[in-house]
Amino acid sequence: MSDHPHPLRGKTMADAVLKGVRRDLAAWDFQPHLVSVLASADEASRVYVESKSGRARRLGVRFSVRDLGAGATQEGLHAVLQALSHDPDVHGVVLELPLAPGLDADAALLCLAPQKDVEGLTPANLALIAAGREPEALLPPTPRSVRFLLRQALGDDLRGLRAAVIGPGRTVGRPLTFMLNNKGMTVTLCNEHTRDLAGVLAGVDAVVVAVGRAGLLRANQVRPEHVVIDAGINVQEGGEVVGDAEPGLPVRTQTPVPGGVGPLTSALMYQNLVRAVKLQRGEPVE
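The notes below deal with the structure included here. (Residues numbered from 1 in each chain as written. Predicted model: local features only at pLDDT ≥ 70, side-chain atom pairs only at ≥ 80, totals over all residues. Heavy atoms only, no water.)

**A closer look at the sheet that holds strand 3 (residues 92-95)**
Strand order across the open sheet formed by 3 strands is 2-1-3, with parallel pairing between neighbours. Bordering the open sheet on either side are strand 2 (62-67) and strand 3, each of which pairs with just one other strand. Along the sheet, successive strands turn relative to each other by an average axial angle of 20 degrees, direction set aside. Summarising the sheet, strand 1 (residues 33-38) and strand 2 pair through 6 bridges and their orientation is parallel. In the sheet register, H33 faces strand 2, and the bridge partner there is R62. Contacts from helix 2 (residues 43-59) reach strand 1, strand 2 and strand 3 within the one sheet, and its direction differs from that of strand 2 by about 160 degrees. Most of the contacts of helix 3 (residues 74-86) go to strand 1, to which it runs at about 175 degrees, and overall it touches strand 1, strand 2 and strand 3. (Pairing = 2+ DSSP bridges. Helix = DSSP H or I, 4+ residues; strand = E, 2+ residues; numbered from the N terminus. Axes fitted to C-alpha atoms, helices over the stretch in contact; angles between N-to-C directions. Contact = heavy atoms within 4.5 Å.)

Rendered as structure tokens:
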């Protein structure tokens, strides 16, 4: 029944990606500069920024934080993002979401230079992906992580295989749908209005779930041949982190949460920083 008795973990691939990042960084005579912009009182965001800071230091990337606090204004946020976009000493910018209530992330992202957008969230990068022009884009790390894991489970050539993506969010589901299509997969994008989910999933090779609702994908909806990639992150009371799929589904293989998509996503953000520097300097990128 299974070539993959073990869950599909991201750590081994993350280590390989970071090795490549270190090699690229070592070839340069300067340290790329990554800036995190905070505009909220969100505690989780501060924790993420702390862990980013440690990882950056270990890799030899210069990391700084612009903390505008919970009292940030839309105009102030735009001004900071525009200044960082024009600063030749800054190579990558991350706008930490969620923003404080009342602030508009979509409007703010329009102020960020696409070639410094290491999370691949600006409309310009999403448009390049949708247009099938991935080599010119910075791709969002979570969908890239999902695609990496799918290739690990299904083989490098995804052409003709079928995937269902549950959750049309702008950070995962929407870009991922185009990114899988760009590799020749046939993709069904499902949402909360999808009728008979089990029937829709019956004919697919892979199921990706990225909604942010614990226990959404259940055993009676999947089949033994499915590869399940869980990109959901849900913090339970008591601090436990779980995905969108029930753990231990009766499928060919399933990514655990935590430990599946997450470690690889973090590594790919640093790979994006290397790519951003190359794009900014007019160097060829793969």
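**What to know about the environment of A198**
Residue position: A198 is located in helix 8 (residues 197-201). Its relative accessible area of 30% is what places A198 among the partly exposed residues. Sequence separation between A198 and V222 is 24 residues; the distance between their C-alpha atoms is 6.6 Å. Leave out the neighbours within four places in its chain, and A198 touches N220 and Q221. (Buried < 20%, exposed > 50% of the residue type's maximum accessible area, 1.4 Å probe, protein only.)

**Things to note about the sheet that holds strand 7 (residues 227-230)**
Pairing within the open sheet is parallel, and its 5 strands lie in the order 5-4-6-7-10. On the outer flanks of this sheet lie strand 5 (186-190) and strand 10 (253-254), each paired with one strand and no other. Packed onto the sheet, helix 6 (residues 141-154) meets strand 6 (206-209), strand 7 and strand 10 and runs at close to 160 degrees relative to strand 7.

**Observations regarding the pairing of strand 5**
With 5 bridges joining them, strand 4 (residues 162-166) and strand 5 adopt parallel strand pairing. The partner of A163 across the bridge, within strand 5, is V187. Since strand 4 and strand 5 lie parallel, the crossover through helix 7 (residues 173-182) that links them has a hand, and here it is right-handed. (Right-handed = clockwise from strand over helix to strand, strands pointing away.)

**Brief notes about the pairing of strand 4**
Burial runs high along strand 4: 4 of the 5 residues are buried. Here strand 4 pairs with strand 6 via 4 bridges, running parallel. Along strand 6, the bridge assignment pairs I166 with V209.

**Quick word on the pattern of salt bridges**
For the coordinates displayed, the defined rule picks out 12 salt bridges. Two residues, R151 and D156, come together in a salt bridge whose shortest N-O distance is 3.4 Å. Overall, R151 belongs to the partly exposed group, its relative accessible area being 29%. The exposed category is assigned to D156, whose relative accessible area is 59%. Between E283 and R281 there is a salt bridge, and its shortest N-O distance comes to 3.4 Å. (Salt bridge = Lys/Arg side-chain N within 4 Å of Asp/Glu carboxyl O.)

**Quick notes on the packing of aromatic side chains**
Applying the stated rule across the entire model yields 1 aromatic pair. Aromatic side chains W28 and F30 sit 5.5 Å apart centroid to centroid with 15 degrees between the ring planes, which places their arrangement in the stacked category. (Phe/Tyr/Trp six-rings, centres within 6.5 Å; stacked < 30°, edge-to-face > 60°.)

**Concerning unusual backbone geometry**
At the junction of L97 and P98, the peptide bond is cis and its omega measures out at 0 degrees in the coordinates. Here P98 is to be found in the loop between strand 3 and helix 4 (105-109). Residue P258 is bonded to the preceding V257 through a cis peptide linkage, with omega at -5 degrees. Take P258: it is sitting in the loop between strand 10 and helix 9 (261-280).

**A few points about the nonpolar core**
Counting 47 residues, the largest nonpolar core has L34, V61, V146, L150, I229 and Y270 as the members making the most contacts within it. Counting residues per element, this core draws most heavily on helix 9, which supplies 11 residues. Not counting the four nearest positions on each side in its chain, V146 is found in contact with L176, V208, I229, A231 and V261. (Core = buried A, V, L, I, M, F, W, Y, C linked by side-chain atoms within 4.5 Å.)

**Section: the packing of helix 6 against helix 9**
Contact geometry of helix 6 with helix 9 gives a least axis separation of 8 Å together with a crossing angle of 120 degrees. Between helix 6 and helix 9, the interaxial angle falls into the category oblique. Relative to helix 9, the crossing made by helix 6 is right-handed. Contacts between helix 6 and helix 9 involve P141, T142, R144, S145, V146, F148 and L149 on the former and, on the latter, V261, L264, T265, L268, M269, Q271 and N272. (Parallel < 35°, antiparallel > 145°, perpendicular 65-115°, else oblique. Left-handed = near helix turned anticlockwise from the far one by under 90°.)

**A word on the environment of L268**
Mapped onto the elements, L268 comes out in helix 9. In this structure the C-alpha to C-alpha distance between L268 and A202, which are 66 residues apart in sequence, comes to 31 Å. Excluding anything up to four places from it in sequence, L268 contacts V17, P141, R144, S145 and F148.

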